[in-house]
Amino acid sequence: MNEGLEPVADSNGGAMEVATRDVIAPGHTFSTVTDKISSIVLARRTPPGWWFGFAAAFLLTNLLMLAVAYLVLKGTGIWGVNVPVGWGFAIVNFVWWIGIGHAGTLISAILLLLKQSWRTSINRFAEAMTLFAVACAGLFPILHTGRPWLAIYWLFPYPNTMGIWPQFRSPLIWDVFAVSTYATVSLLFWFVGLIPDLATLRDRSQSRVGRVVYGMLAMGWRGSSMHWHRYETAYLLLAGIATPLVVSVHTVVSFDFAIAILPGWHTTIFPPYFVAGAIYSGFAMVLTLAIPIRAIYGLEDFITSRHLQNMAKVMLVTGLVVAYGYLTEAFIAWYSADPFESYVPFNRGTGFYASQYWSLIACNIVVPQLLWFKKVRTSTRALFTIAIIVNIGMWLERYIIVVTSLHRDFLPSSWGNYAGTFWDWSTFVGTLGLFLALLFLFVRFLPMISIAEMRAMLPEAKVEGRE
Amino acid sequence: MTPARSSLYGLMAEFEHPSDLVEAARAASSQGYRCLDAYSPFPIEELHEALGSPHTRLPLVVLLGGLVGCLGGYFLQYWVSVIAYPINVGGKPLHSWPAFIPVTFECTILGAALAAVLGMLALNGLPQPYHPVFNVPRFALASRDRFFLVIEAVDPRFDLEQTTGFLQSLHPREVMTVDD
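Residues numbered from 1 in each chain as written. Chains lettered and ligands numbered in written order. Predicted model: local features only at pLDDT ≥ 70, side-chain atom pairs only at ≥ 80, totals over all residues. Heavy atoms only, no water.

Novice: What am I meant to see in the pattern of salt bridges here?
Specialist: Pairs can form between side chains of opposite charge whenever their charged atoms are close. With the rule as written, the count across this model stands at 14 salt bridges over all chains. Among the ionic pairs, A:Glu329 bridges to A:Arg348, the shortest N-O distance being 3.5 Å. Remark: A:Arg348 occurs in helix α12 (residues 339-350) and A:Glu329 occurs in helix α11 (residues 305-335); sequence separation between them is 19 residues. Residue A:Glu329 is classed as buried on the basis of its relative accessible area, which comes to 15%. For the salt bridge of B:Arg173 with B:Glu16, the shortest nitrogen-to-oxygen distance reads 3.8 Å. With B:Arg173 in the loop between α5 (160-168) and β4 (174-179) and B:Glu16 in the loop between β1 (8-15) and α1 (18-30), this pair connects stretches of sequence that are 157 residues apart. A relative accessible area of 37% means that B:Glu16 is categorised as partly exposed. One network of salt bridges, with partners in common, ties together B:Glu14, B:Glu16, B:Arg138, B:Arg146, B:Arg173 and B:Glu174. (Salt bridge = Lys/Arg side-chain N within 4 Å of Asp/Glu carboxyl O. Helix = DSSP H or I, 4+ residues; strand = E, 2+ residues; numbered from the N terminus. Buried < 20%, exposed > 50% of the residue type's maximum accessible area, 1.4 Å probe, protein only.)

This is the structure:
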């Protein structure tokens, strides 16, 4: 079975000058693509770097466990939330994580419908990122309920002994449906994409355990023509279904704010501005993860400079949309002539949270303007740094939105300040650990690039008419 | 003219290029073979046409799934808010339909997505723990870089010698028998 396993031309060195336009480096065939991607998973020896990274992430996951255990023991009082700021880190982190997830669906669904074939080598990976980000996001509102095991009766409609049903006029319930649907559909999309690759792993695995486990997951996939036909139909329909879904999810998340009457929240620009921000932060996270991974696993042939440049361009555009959102938000607040509304931007710029506000402007608007320069877009180091800065900026944006509106509401008597406690930070950093730990497991046990789709991208996959 | 052995599933021809497989599928189809299937490591649109396979009914299944989700989601909210647990919230009508749209939308998506995936698997007959093609050791390459055409023994035109000869004439890398 290992016949034809010739080594792939290595292009680790100066990855950037290899090809600036290619989606796959030249010289690859069906077998080299298959072997190169599947060998990362099927290799018996786990690279020491993986162990190191996984151990660090696992340690942070344990911090999360500890923070959650203490929360369950003591209640939400261990967090900084109180009157008037009742939505602190939990909601900030929830919105941040959900937003990050959006890039995965955008890459896999919307770019598929737009026939952007360059998406093929990053979609699997981005979908996994979506899934893990949504898992981290989902934790926060659940933990925020204080007693998650009791929360279920007002989150989900099921016949309970108290005869109580959820309140469907509340955007928080819409959010439950939006996020749980999003998690389910992302999982389905990801799994459907994996089926043919699981069959490849089943057929190529040298170990019995691998053959059995991948075999069960592949469900007997054999690549029959009629199966492929239905598979492609299902995949395309899923993409079509996921596209409005991804837009709806952050829209509904923004409704959590926009439906409230608080100054700074009660605005119609929130849905589009949240969706743009979600895509912005999501692409920043894909870059943050893709740049080190392609270097570590030598995947420059598949995740080429073109991919990074395209993602940088998407970031630039969505970053400008977000900047426009900030501007409109401030303008409308002033134009409304409502003293409470116009106080919001003033308070953000000069109040207690001014330093966070101006850092957010610097991170999200000023620094990303460097992406106009091709030199920056083609430098992995610069891109990685900017991506990290945007991640931080987008977190600060949600922090400013959540906290500044709550800490100065209509009544000066109820004003107050907020800061995260040790346990707030532990929970947040803990979810970063959980996210990374899940990603490490993913790159070790599943192919991080869709092998079947990469094969179809090769020039030799083209059927020539010979009649 | 030996009758097809009962333990024989069919004959399998292996090709190295997608174009060869498509051409072979066309030839087999025009020879009148109907019980045949082609296997490839990635989807080939031309192959589906060459085999003359029908178009899938999956879109209809997805539409129905979406409709079930849509109606189910809406009526769940109606039933909960109007019949099972009527609560006056800010003087809004019990049947405050605009507030029910987001959940209805999400349920539509959920129903359609579940129908797409489960429908695709069900129509494909997956999960399927056993299939005769896996008895051929070289078939493991069908998920890597090789292309296979199988003519099943149940085909009325199937004849071990004749069909083998026909498959050989398509210049495959090899023709193999598939045990049932």
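There's plenty left to go through after this.
Novice: Teacher, can you tell me more about the interface of chain A and chain B here?
Specialist: By a widely used convention, the size of an interface equals the accessible area lost when the partners come together. Between chain A and chain B, the residue contacts involve 63 residues of the former and 71 residues of the latter. Approximately 5800 Å² of surface area, both sides summed, lies buried where chain A meets chain B, with 67% of it carried by carbon and sulfur atoms. Counting across the interface, chain A meets chain B through one salt bridge. Salt-bridge contacts for B:Arg144 lead to A:Asp35; the nearest nitrogen and oxygen are separated by 2.5 Å. Viewed at the interface, chain B and chain A are joined by 21 residue pairs in polar contact (both at pLDDT 80 or more). Elements with a contribution of two residues or more to the side of chain A that touches chain B: α2 (30-42), α7 (171-204), α9 (225-258) and α17 (451-457) of chain A. Of all the elements, α9(A) adds the most residues to the side of chain A that touches chain B, at 17 residues. (Contact = heavy atoms within 4.5 Å. Buried area = accessible area lost by both parts, 1.4 Å probe. Polar contact = N/O pair within 3.5 Å; in protein donor to acceptor, adjacent residues only side chain to side chain.)

Novice: Where do I start with the packing of aromatic side chains in this structure?
Specialist: Think of a pair of aromatic rings as described by two things: how far the centres are apart, and how the planes are tilted against each other in angle. A complete count under the given rule lists 55 aromatic pairs over all chains for this structure. Geometrically, the ring pair formed by A:Phe168 and A:Phe177 is tilted, given 5.9 Å between the ring centres and 55 degrees between the ring planes. Under the relative-accessibility criterion, A:Phe177 is labelled buried at 10%. Between B:Tyr74 and B:Phe100, the ring centres sit 6.0 Å apart and the planes meet at 70 degrees, which makes this aromatic pair edge-to-face. In this pair, B:Tyr74 sits in helix α3 (residues 58-84) while B:Phe100 sits in helix α4 (residues 97-123), placing the two residues 26 residues apart along the sequence. Taken together, A:Phe89, A:Trp96, A:Trp97, A:Phe352, A:Tyr353, A:Trp395, A:Tyr399, A:Tyr418, A:Trp425, A:Phe428 and A:Phe435 form an aromatic cluster joined through their ring pairs. It is B:Arg157 that lies over the ring of B:Tyr33; its NZ or CZ is 5.9 Å from the centre. (Phe/Tyr/Trp six-rings, centres within 6.5 Å; stacked < 30°, edge-to-face > 60°. Lys NZ or Arg CZ within 6 Å of the ring centre and 35° of its normal.)

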